[in-house]
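The lines below spell out each chain.
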Amino acid sequence: MIQSTLSTDLISSHRLPGASERKPPPHTYLDNRGTKSQRENKRTRSQRARERLRTKEHLARLAVGLGEVELADKIERCHSRLSVLTCGRHIARIIPNFTCEFRLCPDCGRRRSRKLQSKYLPMMRGFMLHHKVTPVHLVLTQTHRKENRKQSAKRIKDSFTRLQRRGFWKQYFKGGTWSLEFTKDKNGLHHTHLHIIGFRRKFFDIELLRDEWLAATGDSHVLHLKPISDIAAGLREVVKYVSKPLDIRRFGAEDLREFLGLKNMRMFGTFGEFRDFCKDFEPSDNDAAVGDLESFSRDLVEGCACPQCNAPLFDLRMSGKELPQFYEQVESSPPGKVGTSWN
Ligand SMILES: [Zn+2]
Ligand SMILES: [Zn+2]
């Protein structure tokens, strides 16, 4: 079975007598296929920066083709001049001259997903603590039909609403977050997925959940579920789809036109009791310290100590096109030369 690696880990870490009776056999709910974000993490930062540049060039070209000159200009100006706070070996902070805030811009998407992470992570930790629930990553899929992106998104969201009204769901889940992922196959059919962080009250047989999803969609029982052991990593994985909702490499002028028509479509949201919890949530000092990494780096200025090696930071001005090369330089600098001062 493909699940063997993960399930062995789980079994070996739960060798207490009687522990096995409390859980269903691992193969009923584990799914360890490599996720998109795991594959992305294998690439270096310079490779990813280069890809972001290429994506933006591609988007700007498509925008020009559609006569969206203003949009193209904004995308080109976004992150075109940078102030990079660095010790020479690490990059502590990058401050762009301008941000376009276009939803498909990979640079702006990264900032947006970091903001979502610092906003929701403390709430998720608080919720888990208060309600004694454990998080799982659930991917819901639907059958492919001839329909546009908007119809496809509406169909899967409506199915999810029906699923949430069912007794089974209410019995086992106490809310969570959802985000949309769009892909398109070579026949031009939309594959829309819902990525859910669900806060589970207790274990259940995944086959039962498949039946429930089939009842909610009418024609699909395909879903994947895996436990989340580190909520920060789990959240990082699902908000990635907010910054990168679709595969831009296969993106053509028609796709961009369609996407521009979706202006107000929500790509991320909360549901169930977690949604109410978020409304009333007031972070304690402790929660804020764990969650808000963004504000930590926001306080860094020239002359501060590098958070990774304590060497003083200086401000390096460069164009956005030079960033991948600078990452390369940083990646290839020998470890241990600077930065041993705190050992
Ligand atoms: Zn941008
Ligand atoms: Zn450093």
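Check the entry above for the structure.
What counts, and where the lines are drawn
Residues numbered from 1 in each chain as written. Chains lettered and ligands numbered in written order. Predicted model: local features only at pLDDT ≥ 70, side-chain atom pairs only at ≥ 80, totals over all residues. Heavy atoms only, no water. Pairing = 2+ DSSP bridges. Helix = DSSP H or I, 4+ residues; strand = E, 2+ residues; numbered from the N terminus. Axes fitted to C-alpha atoms, helices over the stretch in contact; angles between N-to-C directions. Expected span 1.5 Å × (residues − 1). Buried < 20%, exposed > 50% of the residue type's maximum accessible area, 1.4 Å probe, protein only. Arc of directions from axis to C-beta. Contact = heavy atoms within 4.5 Å. Donors = N, O, S within 2.8 Å, 3.2 Å for Na, K, Ca; no water. Tetrahedral: all angles 85-135°; square planar, octahedral: opposite > 155°, others 65-115°. Core = buried A, V, L, I, M, F, W, Y, C linked by side-chain atoms within 4.5 Å.

Go over the sheet that holds strand E8 (residues 314-319) with me, naming the residues and quoting the values.
One open sheet holds the three strands; their spatial order is E2-E1-E8, and the pairing between them is antiparallel. The open sheet has two edge strands, strand E2 (91-96) and E8, and neither has a second partner. Between one strand axis and the next, the sheet turns by 25 degrees as a mean value, whatever way the strands run. Where strand E1 (residues 81-86) meets E8, six bridges bridge the pair, whose relative direction is antiparallel. The residue bridging Val-84 from the neighbouring strand is Leu-316, located in E8.

Talk me through helix H8 (residues 206-217); I want residue IDs and the actual numbers.
In this model, H8 (twelve residues) spans 16 Å end to end at C-alpha, consistent with the 16 Å of a helix rising 1.5 Å per residue. Of the positions making up H8, those classed as buried are Ile-206, Leu-209, Glu-212, Trp-213, Ala-216 and Thr-217. Within H8, the buried residues cover an arc of 125 degrees as seen down the axis, which keeps them to one side. Elements that come into contact with the buried residues of H8 comprise strand E3 (134-140), helix H6 (149-165), helix H7 (167-172) and strand E6 (223-227). Immediately beyond the C-terminal end of H8, within one or two residues, lies Gly-218, with a positive phi of roughly 90 degrees.

Outline the sheet that holds strand E7 (residues 268-271), supporting the account with residue identities and numerical values.
Pairing is antiparallel across the open sheet formed by five strands, whose spatial order is E6-E3-E5-E4-E7. The outermost strands of the open sheet, each flanked by one partner alone, are E6 and E7. Strand-to-strand twist in this sheet, taken as the mean axis angle between neighbours without regard to direction, amounts to 20 degrees. Across five bridges, E3 lies against E6 in antiparallel orientation.

I'd like a rundown of the coordination of the zinc ion (ligand 2), residues and numbers included.
Protein coordination at the zinc ion (ligand 2): the donors are Cys-87 (SG), His-90 (ND1), Cys-306 (SG) and Cys-309 (SG), at 2.1 to 2.3 Å from the metal. Relative to the metal, the four donor atoms surrounding the zinc ion (ligand 2) lie at angles of 105 to 114 degrees, and the coordination shape comes out tetrahedral. Positions of the donor residues of the zinc ion (ligand 2) along the chain correspond to the pattern C-x2-H-x215-C-x2-C. Accessibility expressed as a relative area gives 13% for His-90, which makes it buried.

Lay out the nonpolar core in plain terms, naming residues and giving numbers.
Counting residues in each nonpolar core, the largest one holds 45 residues, and the members touching the most others are Phe-102, Leu-140, Phe-160 and Leu-180. Filtering out sequence-adjacent residues up to four positions away, Phe-160 remains in contact with Leu-140, Trp-169, Trp-178, Leu-194, Ile-196, Trp-213 and Phe-271. If you look at the next biggest cluster of nonpolar residues, it comprises 21 residues, including Phe-199, Val-238, Phe-277 and Phe-281.

Provide a residue-level description of helix H14 (residues 323-332), including the pertinent values.
Within H14 the residues assigned to the buried category are Leu-323, Pro-324, Phe-326, Tyr-327 and Val-330. Along the axis of H14, the buried residues cluster in a sector spanning 160 degrees; they form a single face. Of the exposed residues in H14, those oriented more than 90 degrees away from the buried face are Gln-325, Gln-329 and Ser-332. The inward-facing, buried residues of H14 contact helix H3 (45-65), E1, E2, helix H5 (106-131) and E8.

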